[in-house]
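Each chain, written out:
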Amino acid sequence: MMRKRTNGWIAVGVVLAALILCLFLRLTSDRIASSRGEQTAAERFSTETLTNDSLSLFLPSSAGATGETVLSFRQSMEQTLLNDSILSGGGRLYVDAYSGFAPLGVSTDRGSVQAEAGYVGGDFFFLHPFELLNGSYLPSEPIDPMLILLDDRAAWTLFGALDIAGFTCTVNGERFTVAGVFRSEDDALYGNAPRVYLPYEAFGGENAPPVTCYEAVLPEPVKEYAMGLLQSAASSYKENGIFKQTGSRFELSSLLNTLKSLPQRGVRTQEIAFPYWENIACVNEDRCALLLFGRLIVYGLLLLSALILLIRYYRTMTRAVSSFFRFLGGKIADGYDRIRCRKYYKNQKINNKKENSDEE
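Note that the coordinates shown come from a computational prediction; the quantities given were computed from them, not determined experimentally. (Residues numbered from 1 in each chain as written. Predicted model: local features only at pLDDT ≥ 70, side-chain atom pairs only at ≥ 80, totals over all residues. Heavy atoms only, no water.)

A. Geometry of the overall build of the chain. The helix and strand tally for the chain stands at 9 helices and 10 strands. Classification of the 360 residues of the chain by burial places 39% in the buried group. Here the analysis covers contacts within the chain between residues at least 6 apart in sequence; of these, 77% occur between residues at least 24 apart. Accessible surface for the chain amounts to roughly 21,500 Å². Of this, 56% is attributable to carbon and sulfur atoms. (Helix = DSSP H or I, 4+ residues; strand = E, 2+ residues; numbered from the N terminus. Buried < 20%, exposed > 50% of the residue type's maximum accessible area, 1.4 Å probe, protein only. Contact = heavy atoms within 4.5 Å. Areas by Shrake-Rupley, 256 points an atom, 1.4 Å probe, with all protein chains shown as cover.)

B. Structural context of the packing of helix α3 (residues 67–83) against helix α6 (residues 225–233). Look at α3 against α6: their axes get within 8 Å of each other, and the N-to-C directions meet at 130 degrees. It follows from the interaxial angle that α3 and α6 lie oblique. Between α3 and α6 lies a crossing whose hand is right-handed. Along the contact surface, α3 presents Phe73, Ser76, Met77, Thr80 and Leu81, while α6 presents Tyr225, Leu229, Leu230, Ser232 and Ala233. Tallied by class, the residues present in the contact of α3 with α6 amount to 7 nonpolar, 3 polar and no charged. (Axes fitted to C-alpha atoms, helices over the stretch in contact; angles between N-to-C directions. Parallel < 35°, antiparallel > 145°, perpendicular 65-115°, else oblique. Left-handed = near helix turned anticlockwise from the far one by under 90°. Nonpolar A, V, L, I, M, F, W, Y, C, P; charged D, E, K, R; others polar.)

C. Region of interest: a nonpolar patch on the surface. Together, Phe293, Ile297, Leu301, Leu304 and Ile308 make up an exposed nonpolar region whose accessible area comes to about 480 Å². Relative to the helices and strands, Phe293 is located in helix α8 (residues 276–312). By relative accessible area, Phe293 is classed as partly exposed at 44%. (Patch = residues over 30% accessible without salt bridge, like charges linked within 9 Å, V, L, I, M, F, W, Y side chains within 5 Å. Salt bridge = Lys/Arg side-chain N within 4 Å of Asp/Glu carboxyl O.)

D. Main features of the pairing of strand β8 (residues 195–199). In terms of burial, β8 is largely enclosed, as 5 of its 5 residues are buried. By the alternation rule, side chains of β8 split into Arg195, Tyr197 and Pro199 and Val196 and Leu198, which are all buried. Taken together, the 2 bridges between strand β5 (residues 147–151) and β8 define a ladder with antiparallel strand orientation. Across the sheet, the residue bridging to Leu149 is Tyr197, located in β8. (Pairing = 2+ DSSP bridges.)

E. Highlighting the nonpolar core. Of all hydrophobic cores here, the largest spans 50 residues; its most connected members are Ile148, Leu150, Val196, Leu198, Tyr214 and Leu218. It is α6 that contributes the most residues to this core, 6 residues altogether. Look past the residues within four positions of Val196 in its chain and what remains in contact with it is Leu104, Ala115, Glu116, Ala117, Gly118, Ile148, Leu149, Leu150 and Ala154. The next biggest cluster of nonpolar side chains, apart from the first, holds 27 residues, and it includes Phe58, Leu127, Phe130 and Ile280. (Core = buried A, V, L, I, M, F, W, Y, C linked by side-chain atoms within 4.5 Å.)

F. Region of the structure containing unusual backbone geometry. The phi dihedral of Ser85 is positive, around 55 degrees, even though this residue is not glycine. Looking at where Ser85 falls in the secondary structure, it is placed in the loop between α3 and β2 (95–107). Residue classification places Ser85 among the exposed residues on the basis of a relative accessible area of 60%. One non-glycine residue, Glu224, adopts positive backbone phi at about 75 degrees. By the secondary structure assignment, Glu224 is in the loop between β9 (213–219) and α6.

G. Examining the packing of aromatic side chains more closely. A complete count under the given rule lists 19 aromatic pairs for this structure. Judged by centre distance (5.1 Å) and plane angle (10 degrees), the ring pair of Phe125 and Tyr137 falls under stacked. In this pair, Phe125 is assigned in helix α4 (residues 124–127) and Tyr137 in the loop between β4 (132–135) and β5, connecting sequence segments 12 residues apart. A residue is classified by how much of its surface remains accessible, and Phe125, at 8% relative accessible area, is buried. Classification of Tyr137 as partly exposed rests on a relative accessible area of 26%. The ring of Phe126 has Arg44 sitting right over it, with the charged end atom 4.6 Å from the ring centre. The ring of Tyr190 carries the charged tip of Arg195 above its face, separated from the ring centre by 5.0 Å. (Phe/Tyr/Trp six-rings, centres within 6.5 Å; stacked < 30°, edge-to-face > 60°. Lys NZ or Arg CZ within 6 Å of the ring centre and 35° of its normal.)

H. Representation of the environment of Val70 in the model. Following the sequence through the fold, Val70 ends up in helix α3. It is 8.9 Å that separates the C-alpha atoms of Val70 and Ala97, two residues lying 27 residues apart in sequence. For Val70, the contacting residues outside a window of four places in its chain are Asp96, Tyr98 and Tyr214.

I. Highlighting the pattern of salt bridges. Scanning all chains against the criterion turns up 9 salt bridges. Of the charged contacts in the structure, one is a salt bridge between Arg92 and Asp123, with a shortest N-O distance of 2.7 Å. On the criterion of sequence distance, the pair formed by Arg92 in the loop between α3 and β2 and Asp123 in the loop between β3 (112–122) and α4 is long-range, its members being 31 residues apart. Residue Glu278 pairs with Lys244 through a salt bridge whose shortest N-O separation is 2.9 Å. Separated by 34 residues along the polypeptide, Glu278 in helix α8 and Lys244 in strand β10 (residues 242–245) bring together distant segments of the chain.

J. Layout of the side chain of Asp152. One can find Asp152 in helix α5 (residues 152–159). Among buried charged residues, Asp152 stands out as having no salt bridge; its nearest opposite-charge side chain is Arg183, 4.8 Å away. In terms of polar contacts, Asp152 uses its side chain to reach the side chain of Ser184, at 2.7 Å. Discounting chain neighbours no more than four positions away, the residues touching Asp152 are Leu133, Leu162, Val181, Phe182, Arg183 and Ser184. (Lys, Arg positive; Asp, Glu negative; His and termini not counted. Polar contact = N/O pair within 3.5 Å; in protein donor to acceptor, adjacent residues only side chain to side chain.)

See the structure below:
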């Protein structure tokens, strides 16, 4: 008897440990999924009446877009939204950003760096809210395009300080004003080189690299509407571009698809280099998919154990359940009999009182 009780407590402990492990895996996955600001852009832009999704279009540098191409994307999407009677209620219907990348030399009287430069336009810093240490982001529509945003590595090398908003530096012989300084990321995919960002309009699009990344937060009144909207606007890039639904990449259905394609995810057939934040997101996506796989294994083992116990103790459980229902039925019958008896004796008392009153 004691042995059966001990085995029962062991089984309960194993089940609780498995459930705690599943909870830990789920919380870890949620923490990874929400660790980057790019993943919250759609949520931050959504309203009570209109939900959104984040999407990205990655292009090869040999067939990149231009500022005029981005303008055509916007015009096409706005016309489609108008035709579909999707209204914003007075606000903006979508936000977007575009970027191109190339090495760039930046210098001051103190020193110089060869930085990884991002030439950006649109609401880039809404989609990528880097941690500011000083100053401000580049404006989405800069009045003065001769601005530059530095990471802390570039700031220390060029100025020996972080509080440098308003200082100037030289880029390709032109004077640029420092708008602010942001924190570099402690991730191997970020790279060891300093990073800087400049407005795409600073070079009129002529000396800037081609646009290889277009991102947008678009309305999603029905499933897949946002992706169809972007693919229709950028239909000329369906063959050589990569369209990604980045806002829902950590949802259960997306992670299940990631698990299915995990062996082939390292295979690339297109000449497209992702920006570092997309590479980090892909790694996080794989981690979350593996954590989901771990949870599925634990759930499967729990289900299998439950089935084995059910088969092994089927007769005992059946007898126990049968005895319980017989006991419950007996209690109900006894209770019903007591109620009938009380009613009978109550009626008897009433009848006796009536007979006594009649005799008097």
